[in-house]
Amino acid sequence: MKITKANGKIEYSVIENLKKRSGETDRKIVDIVTNIIKEVKENGDDAVREYTVRFDGGVPKKAVVEKEELNEYLDMVDDDFKTAIINAKENIYKFHLRQAQQSFMTTEENGVIMGQRVRGLHRVGIYVPGGTAAYPSSVLMNAIPAKIAGVKEIIMVTPPGKDGKPDPNIMAAAAVAGVDRVFMVGGAQAVAALAYGTDKIPKVDKIVGPGNIFVATAKRLLYGVVDIDMVAGPSEILIVADKTADPSFLAADLMSQAEHDKLASAILLTTSADIAKQTLHEIDKQIKRLERQEIIREALENYGEIIVCESLEQALKFANELAPEHLELCISESLKYIGKVDNAGSVFLGHWSPEPLGDYYAGPNHVLPTSGTARFFSPLSVDSFVKKSQFIYYTCAELRKSKDDIIKLAESEGLTAHANSIKVRFE
């Protein structure tokens, strides 16, 4: 990881380097996933079973866990973990409850009635990875907003471990979050089964949750058959720091994202050359005691950067251009600058709001736009799990008042049948 000085040009080469991570998916992977989807669509559970044996080594003895059985897993995890997920659930619930929208209806004195209905999707599928990428926190972040939105049924799919059993921590989180059923299946075949439905696995309206390249590719290919949350890229953190920042904090926060993936990016923008040097020293010091240091080293070497900026304004301009997944403002009076941040998935303000606080506990969602898509995408929310429809009621008298305008607009577009739909009512 090197230190460079911003000059209005060199820092923007960092963005170009990061874009290389999100290139086109390998054609071979697309072909493999396309074939899996086709087989599952045509052969249902038989295809799911075949791919499960091929990729996971066998079919679990218990293929589905019903809602009433999930609570048993709360007795399989240690008490401290149980307390932690319950507390996290309360924080996540309180934050997302404020996002809930209400239906509305307006009535005018002339008898016109208009409005909007807001209601939860019927059924949602949550994909949860297994193995070393098993994240109970993602279960909470995906399921709780869906429950608040009024989703009638939440289906979870997760691959079993080598022993054929699910991860107890994931299942305990599912119990706390209110998941209705869990199917022991993973990979692209699980995504296809959720999209099309099989005799055993019900069809869903939307699929959310992280997964490997095969899962992400399946979600992308099936978008339109089913809705998805987003196609997520590698993890990102951008930290803006001034002279009041603690280098040991900055180093720890950069590495907290770098440990996710060799493609993760971790960038520090600071107005202090001393802070830059001290942070680099802290990284060398702290990394020696971290379990995933090989991943961290590779991520920092390829996609890590420390850039010394002339001013906070220069740093924030770059931050808005990069549109990072996570943005930490480790500066004095950080709340003064929140209005200057236009493009970021989630913003962490001050020296005591590290990114893992958002990943696990504070309440805002950790499913965030990556690869610069924070310019136009939003974090996962209650809105992600609702659909809206509108309604209109006009009286004869009010339609008569408006008919000439409507006919004129329709005819200007060459849509004479539209115009006729209005004319015929007053002939």
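See the structure shown above.
(A) Representation of the sheet that holds strand E1 (residues 3-5) in the model. One open sheet holds the six strands; their spatial order is E1-E12-E11-E10-E13-E14, and the pairing between them is parallel. Sheet topology places E1 and strand E14 (346-349) at the edges, where each strand pairs with a single neighbour. Taken over all neighbouring pairs, the strand axes of this sheet differ in orientation by 20° on average, direction set aside. Its contacts with the sheet place helix H13 (residues 312-322) against strand E10 (236-241), strand E11 (265-270) and strand E13 (326-330), and it is angled at close to 165° to E10.

(B) Seen up close, the packing of aromatic side chains. Taken as a whole and judged by the stated rule, the model has four aromatic pairs. Measuring from ring centre to ring centre gives 5.8 Å for Tyr51 and Phe55, while their planes differ by 15°; the resulting arrangement is stacked. A residue pair is termed a helical-turn pair when its members lie 3 or 4 positions apart in one helix, as Tyr51 and Phe55 do in helix H3 (residues 45-56) at four residues. For Tyr51, a relative accessible area of 4% puts it in the buried group. Residue Phe55 is classed as partly exposed on the basis of its relative accessible area, which comes to 45%.

(C) Just helix H12 (residues 293-303), in detail. Among all positions of H12, only Ile296, Ala299, Leu300 and Tyr303 are buried. Each buried residue of H12 lies within a common arc of 105° when the element is viewed along its axis, so the set occupies one face. With respect to the buried face of H12, the exposed residues turned more than 90 degrees away are Glu294 and Glu301. Packed against the buried residues of H12 are helix H1 (12-19), helix H10 (247-258), E11, helix H11 (273-286) and strand E12 (304-308).

(D) A look at the sheet that holds strand E3 (residues 104-107). The strand order E3-E4-E15 describes an open sheet built from three strands, whose pairing is antiparallel. The outermost strands of the open sheet, each flanked by one partner alone, are E3 and strand E15 (386-393). Going from strand to strand, the sheet's axes swing by 10° on average, the running direction of each strand aside. Relative to E15, strand E4 (residues 113-120) runs antiparallel, the two being bridged by eight bridges. In the strand pairing of E15, Gln116 is matched with Gln390.

(E) Local environment of the packing of helix H5 (residues 79-97) against helix H7 (residues 168-177). Where H5 contacts H7, the two axes come as close as 10 Å, and the packing angle between them is 40°. Of the possible angle classes, the one that applies to H5 and H7 is oblique. Between H5 and H7 lies a crossing whose hand is right-handed. Counting all contacts with H5, which are made through Phe81, Ile85, Ile86 and Lys89, the residues of H7 involved are Asn169, Ala172, Ala173 and Val176. Class assignment for the residues of the contact of H5 with H7 results in six nonpolar, one polar and one charged.

(F) Representation of a nonpolar patch on the surface in the model. Taken together, Ile32, Ile213 and Phe214 make up a surface patch of nonpolar side chains, about 230 Å² in accessible area. By the element assignment, Phe214 lies in helix H9 (residues 213-222).

(G) Structural context of the pairing of strand E5 (residues 123-127). The buried fraction of E5 amounts to five of the five residues, a majority that puts the element mostly inside the structure. What you see with E5 is no split at all: Arg123, Gly125 and Tyr127 on one side and Val124 and Ile126 on the other are buried throughout. Of the strand pairs in this sheet, E5 and strand E8 (residues 206-208) are connected by three bridges, and their pairing is parallel. Within E8, the position partnered with Val124 by the bridge is Lys206.

(H) Representation of the pattern of salt bridges in the model. The tally for this structure, following the rule as stated, stands at 17 salt bridges. Between Lys62 and Glu69 there is a salt bridge, with its nearest N and O atoms 3.0 Å apart. Among the ionic pairs, Lys206 bridges to Asp227, the shortest N-O distance being 3.3 Å. Here Lys206, found in strand E8, pairs with Asp227, found in strand E9 (residues 227-228); they are 21 residues apart in sequence, far enough to count as distant. With relative accessibility at 6%, the residue Lys206 sits in the buried group. The structure contains a network of salt bridges with shared partners spanning Arg123, Glu153 and Arg181.

Scoring rules and cut-offs
- Residues numbered from 1 in each chain as written.
- Predicted model: local features only at pLDDT ≥ 70, side-chain atom pairs only at ≥ 80, totals over all residues.
- Heavy atoms only, no water.
- Pairing = 2+ DSSP bridges.
- Helix = DSSP H or I, 4+ residues; strand = E, 2+ residues; numbered from the N terminus.
- Axes fitted to C-alpha atoms, helices over the stretch in contact; angles between N-to-C directions.
- Contact = heavy atoms within 4.5 Å.
- Phe/Tyr/Trp six-rings, centres within 6.5 Å; stacked < 30°, edge-to-face > 60°.
- Buried < 20%, exposed > 50% of the residue type's maximum accessible area, 1.4 Å probe, protein only.
- Arc of directions from axis to C-beta.
- Parallel < 35°, antiparallel > 145°, perpendicular 65-115°, else oblique.
- Left-handed = near helix turned anticlockwise from the far one by under 90°.
- Nonpolar A, V, L, I, M, F, W, Y, C, P; charged D, E, K, R; others polar.
- Patch = residues over 30% accessible without salt bridge, like charges linked within 9 Å, V, L, I, M, F, W, Y side chains within 5 Å.
- Areas by Shrake-Rupley, 256 points an atom, 1.4 Å probe, with all protein chains shown as cover.
- Salt bridge = Lys/Arg side-chain N within 4 Å of Asp/Glu carboxyl O.

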